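The lines below spell out each chain.
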Amino acid sequence: MKYSKLFPKTLKQTPTGADSLNLQFLTRAGFIHQEMAGVYTYLLLGWRVLDKISDIVREEMNAIGGQEVIMPVLQPADSWKKTGRYTSMDVLFKLKGASEADLILGPTHEEIVYPLVAENIESYKDLPIYLYQIQVKFRNEPRAKAGLLRGREFLMKDLYSFHVSDEDRDNYYEKARKAYLEIFKKIGLPVIETKAGGGTFSSISQEFQVLTPSGEDTIFICKDCSYAINRELVDSKKCPECGGSLEEKKAIEVGNIFPLKRAFAEVFNLSFIAADGQKTIVSAGCYGLGISRTMGAIVEVFHDDKGIIWPESVAPFLVHIVGLDMEGPLTRSARSGQVSAREKAEHIYNLLQAESVEVLFDDRTDVSAGEKFADADLIGIPYRIVVSKKTGDKLEIKKRSEKETRFLILEELIKMLKD
Ligand SMILES: [Zn+2]
């Protein structure tokens, strides 16, 4: 991608009302545009990051047998009235369809997936079933804030599992827990597994929390072992595992998994004929992961005062070529017999793309070197390569996460990026 063509360009000023670091940096760097509180347009850079996070999640969900589906955003209110959540969930978006039919915009999909599975299973042979989607969700938040951390419209992965027994469900729950740890390891985001309450529909749950001072959750972590627990469950300042003292921390919840009670299954009569011929209610679990919230959390954790520092696995591009001395026609070489900086930069850009390396090439001729460097730091792509008259046969390479600059020839660079 040539930066001269990319829409939009970076902003010099922090947008007014941007109340969080992730919103400030993502907006200034051209990843997102705020339409109203908690609602965003994802521009090319932002969409690429969401897509990379989604692909990592998808790979791990498929590895534990998940079947990807897409359920509707627009849902009939009837099922929500059956579960009681039409009135009990205060952040539900309600609207009227044709003929005054009550509709809602989905904040979650139990009310769709339970009737769907109930209609399509008969015996224990039809189980287990694991369905997931990566879908836009809605919450009518009275205080949407903190950029991508608490939105009114956001992207989530939700997986629903259905089993013949609690034992089978618990085995799968453990697999899902490990898959979550693998997802965050691949993304490069350190998470703390935290015990939490389950709300109305589950007795316990497990959260995946990212430590950051900007987090809205409060968790307690043992100083001596890895035990962590959400504030709502803490009843003493001592670790129940080892007796060590618990320390209070701010965190962002990026995922949570629940072994569910049978409430939903009973409401929708989600049952099957067991091996002994008895009609039996299914055992179920649900597993959420905030895709757009994870993007916000990454920015909250990985940045400096100049901008974002993307982990390689989710960066919008791997390499940012900063082309200097780009002005002048490409024909200069014919006159001087030398390769111009512009030709060299174009050549490297084409070659890296031919090697399947994702490159953003700042080919602009109307901005200063200083502005290009500032933009590269703000956008936060992992590798910056400077091509100019001065660099000769070598390329100046700098990792966004490091201070040190190195000079490599093109072959060495490709080898390094491929490794
Ligand atoms: Zn402990």
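Values in this document were obtained by computation on a predicted structure and should not be read as measured data.

With that settled, consider the nonpolar core. Leu26, Phe31, Ile53, Met61, Ile187, Met295 and Trp310 are the most contacted members of the largest nonpolar core, which has 56 residues in total. Residue contributions to this core peak at 8 residues, all from helix α6 (residues 166-187). Apart from the residues lying within four places of it in its own chain, the contact partners of methionine 61 are Gly66, Tyr132, Lys157, Leu159, Ala179, Tyr180 and Ile183.

Attention now goes to the side chain of arginine 384. Checked against the element boundaries, arginine 384 lands in strand β21 (residues 383-387). By relative accessible area, arginine 384 is classed as buried at 14%. Here arginine 384 is in contact with His320, Val322, Phe373, Ala376, Asp377, Glu396, Ile397 and Lys398, once residues within four sequence places are set aside.

Further remarks concern the packing of aromatic side chains. Applying the stated criterion across every chain, the model contains 11 aromatic pairs. Ring centres of tyrosine 114 and phenylalanine 162 lie 5.2 Å apart, and the angle between their planes is 80°; this geometry places the pair in the edge-to-face category. In this pair, tyrosine 114 is assigned in helix α5 (residues 110-120) and phenylalanine 162 in strand β8 (residues 153-163), connecting sequence segments 48 residues apart. An identical accessibility class is assigned to tyrosine 114 and phenylalanine 162; each is buried. Taken together, a centroid distance of 5.0 Å and an interplanar angle of 35° make the contact between tyrosine 180 and phenylalanine 208 tilted. Of this pair, tyrosine 180 sits in helix α6 while phenylalanine 208 sits in strand β10 (residues 204-211), and the two are 28 residues apart along the sequence. Residue tyrosine 180 shares its accessibility class with phenylalanine 208, and that shared class is buried. Aromatic rings pair up to connect Tyr114, Phe162, Phe264 and Phe268 into one cluster. One residue, lysine 9, lies across the ring of tyrosine 3, its end atom 5.5 Å from the ring centre. For the cation-ring pair, arginine 48 lies above phenylalanine 317, with the distance from its terminal atom to the ring centre recorded as 4.1 Å.

The subject of this paragraph is the pairing of strand β9 (residues 192-197). Bridge count for β9 against β10 is 6 bridges, and the pairing is antiparallel. Bridged to threonine 194 within β10 is glutamate 207. The turn linking β9 back onto β10 is made up of 6 residues, and glycine 199 within it adopts a positive phi angle of 70°.

The strand order across the open sheet built from 5 strands is β20-β19-β21-β22-β23, with neighbouring strands paired in mixed fashion. The open sheet has two free edges, formed respectively by β20 (359-362) and β23 (405-408), since each of these has just one partner strand. Direction aside, the axes of adjacent strands within the sheet are offset by 25° on average. Across 4 bridges, β21 lies against strand β22 (residues 395-399) in antiparallel orientation. Across the sheet, tyrosine 383 pairs through a bridge with lysine 399, a residue of β22. In the packing of helix α11 (residues 369-379) onto the sheet, the strands contacted are β19 (319-323), β20 and β21, and the crossing angle to β19 comes to about 170°. Where helix α12 (residues 410-418) meets the sheet, its contacts fall on β19, β21, β22 and β23, and the angle it forms with β23 comes to roughly 120°.

For the structure on display, the rule yields 32 salt bridges. The partner of lysine 2 in a salt bridge is glutamate 346, with the nearest N and O atoms 3.1 Å apart. Remark: glutamate 346 occurs in helix α10 (residues 341-354) and lysine 2 occurs in the segment before α1 (21-28); sequence separation between them is 344 residues. Using a relative accessible area of 22% as the deciding quantity, one classes lysine 2 as partly exposed. Owing to a relative accessible area of 15%, glutamate 346 belongs among the buried residues under this scheme. Among the salt bridges present, the one from glutamate 68 reaches arginine 58, with a minimum N-O distance of 2.8 Å. Of this pair, glutamate 68 sits in strand β3 (residues 67-68) while arginine 58 sits in helix α2 (residues 44-63), placing them 10 residues apart in sequence. Residue classification places glutamate 68 among the partly exposed residues on the basis of a relative accessible area of 38%.

Quick notes on the rules
Residues numbered from 1 in each chain as written. Predicted model: local features only at pLDDT ≥ 70, side-chain atom pairs only at ≥ 80, totals over all residues. Heavy atoms only, no water. Core = buried A, V, L, I, M, F, W, Y, C linked by side-chain atoms within 4.5 Å. Buried < 20%, exposed > 50% of the residue type's maximum accessible area, 1.4 Å probe, protein only. Helix = DSSP H or I, 4+ residues; strand = E, 2+ residues; numbered from the N terminus. Contact = heavy atoms within 4.5 Å. Phe/Tyr/Trp six-rings, centres within 6.5 Å; stacked < 30°, edge-to-face > 60°. Lys NZ or Arg CZ within 6 Å of the ring centre and 35° of its normal. Pairing = 2+ DSSP bridges. Axes fitted to C-alpha atoms, helices over the stretch in contact; angles between N-to-C directions. Salt bridge = Lys/Arg side-chain N within 4 Å of Asp/Glu carboxyl O.

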